[in-house]
Amino acid sequence: MSDGLETQREPVPRDDGGELDTALAFLRFARACVVKKLDGLDDGAVRRSPVVSGTNLLGLVQHLTDSERYWFGHTVAGDPALADLDFSMDVPTSRSTADVVEAYRTACAASDAVVEQAGLDALTAVPVDDRPLSVRWVVAHMTSETARHAGHADVVRELLDGTTGR
């Protein structure tokens, strides 16, 4: 157990070069905070859940991978192949930590490319609650969703070994 110091603390982004730059900086920051929670842990630890709900670090990353694919790949870009993802937090033992993290990074890069190509004012290709919403809304939604799960990851990591910080 650590002494409770914020050993994983990262500075909040100071990107302020425009709305798109700032929005993507905060989304990328939240994503990095989630992945950082796995640093220094072995495969067993990232799969272990210290909470009743069963939430574990690797499962959070897998869940967020599907979220990226669904919201940016399906909802914004309109890819029908990404419409029926399961968003599961149960990671099969056959999937390595490295594979799950790489899939997340790949999904995030694809999401960023979709956003940069479309721009924040574009409307989603697939309606949300029966109406198209802006890409701006999807970025804000995914930033809040990712930040919420980063908070879950903070708690799980602290319970695992005492490591704290964003």
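Residues numbered from 1 in each chain as written. Predicted model: local features only at pLDDT ≥ 70, side-chain atom pairs only at ≥ 80, totals over all residues. Heavy atoms only, no water.

**Side note on the overall build of the chain**
Scanning the chain from N- to C-terminus turns up five helices and zero strands. Along the chain, helices (α) and strands (β) appear in the sequence α-α-α-α-α when read from the amino end. The C-alpha radius of gyration computed for the chain amounts to 16 Å, which stays within 12% of the reference 15 Å derived for 166 residues, consistent with globular compactness. Dimensions of the chain, computed from C-alpha atoms along their principal axes, come out at roughly 45 × 35 × 25 Å. Put simply, the chain has 166 residues, and 44% of those count as buried. (Helix = DSSP H or I, 4+ residues; strand = E, 2+ residues; numbered from the N terminus. Rg over C-alpha atoms; globule rule 2.2 N^0.38 Å. Buried < 20%, exposed > 50% of the residue type's maximum accessible area, 1.4 Å probe, protein only.)

**Here we look at helix α3 (residues 57–76)**
Between its first and last C-alpha, α3 extends 27 Å over 20 residues, near the 28 Å set by a 1.5 Å rise per residue. Of all 20 residues in α3, 18 are buried; the element is thus mostly enclosed. Two or three places before L58, at the opening of α3, N56 has a side-chain oxygen 3.3 Å from that residue's backbone nitrogen. In the segment just after α3, G78 is the residue with positive phi, at about 85°. (Expected span 1.5 Å × (residues − 1). Polar contact = N/O pair within 3.5 Å; in protein donor to acceptor, adjacent residues only side chain to side chain.)

**Some thoughts on the state of the cysteines**
The full count for this structure, using the stated rule, is zero disulfides. Summary of cysteine pairing: C33 is not part of a disulfide, and the nearest cysteine sulfur, belonging to C108, is at 12 Å. (Disulfide = S-S within 2.5 Å.)

**Points about the nonpolar core**
Of all hydrophobic cores here, the largest spans 22 residues; its most connected members are L38, L41, V46, L57, L58, V61 and Y104. If you list the elements that add at least two residues to this core, you get α1 (19–36), α2 (43–47), α3, α4 (97–118) and α5 (135–161). At five residues, α3 tops the list of elements feeding residues into this core. Not counting residues up to four positions away in its chain, the partners in contact with L41 are V46, L57, R157, L160 and D161. Counting 14 residues, the second largest nonpolar core, distinct from the first, contains W71, L120, L133 and M142. (Core = buried A, V, L, I, M, F, W, Y, C linked by side-chain atoms within 4.5 Å. Contact = heavy atoms within 4.5 Å.)

**Some thoughts on the environment of V155**
If you trace the backbone, V155 turns up in helix α5. Given the relative accessible area of 46%, V155 is considered partly exposed. Separated by 104 residues in sequence, V155 and V51 have C-alpha atoms that sit 9.3 Å apart.

**Concerning the pattern of salt bridges**
Tallied over the entire structure, the rule returns 11 salt bridges. Across the salt bridge formed by D112 and R28, the nearest N and O atoms sit 2.9 Å from each other. Highlighted residues: D112 in helix α4 and R28 in helix α1, separated in sequence by 84 residues. Residue D112 is classed as buried on the basis of its relative accessible area of 10%. (Salt bridge = Lys/Arg side-chain N within 4 Å of Asp/Glu carboxyl O.)

**Looking at unusual backbone geometry**
Phi at F87 takes a positive value of approximately 60°, unusual for a residue other than glycine. Judged by relative accessible area, which is 25%, F87 ranks as partly exposed. The phi dihedral of D129 falls on the positive side, at around 50°, and the residue is not glycine. As for its position among the elements, D129 is in the loop between α4 and α5. Taking relative accessible area as the criterion, D129 reaches 72% and is therefore assigned exposed.

**Describing the packing of aromatic side chains**
If you walk through the whole model with that rule in mind, you get three aromatic pairs. Ring geometry for Y70 and F87: centres 5.7 Å apart, planes at 70°, overall edge-to-face. Of this pair, Y70 sits in helix α3 while F87 is found in the loop between α3 and α4, placing the two residues 17 residues apart along the sequence. Given a relative accessible area of 22%, Y70 falls into the partly exposed group. (Phe/Tyr/Trp six-rings, centres within 6.5 Å; stacked < 30°, edge-to-face > 60°.)

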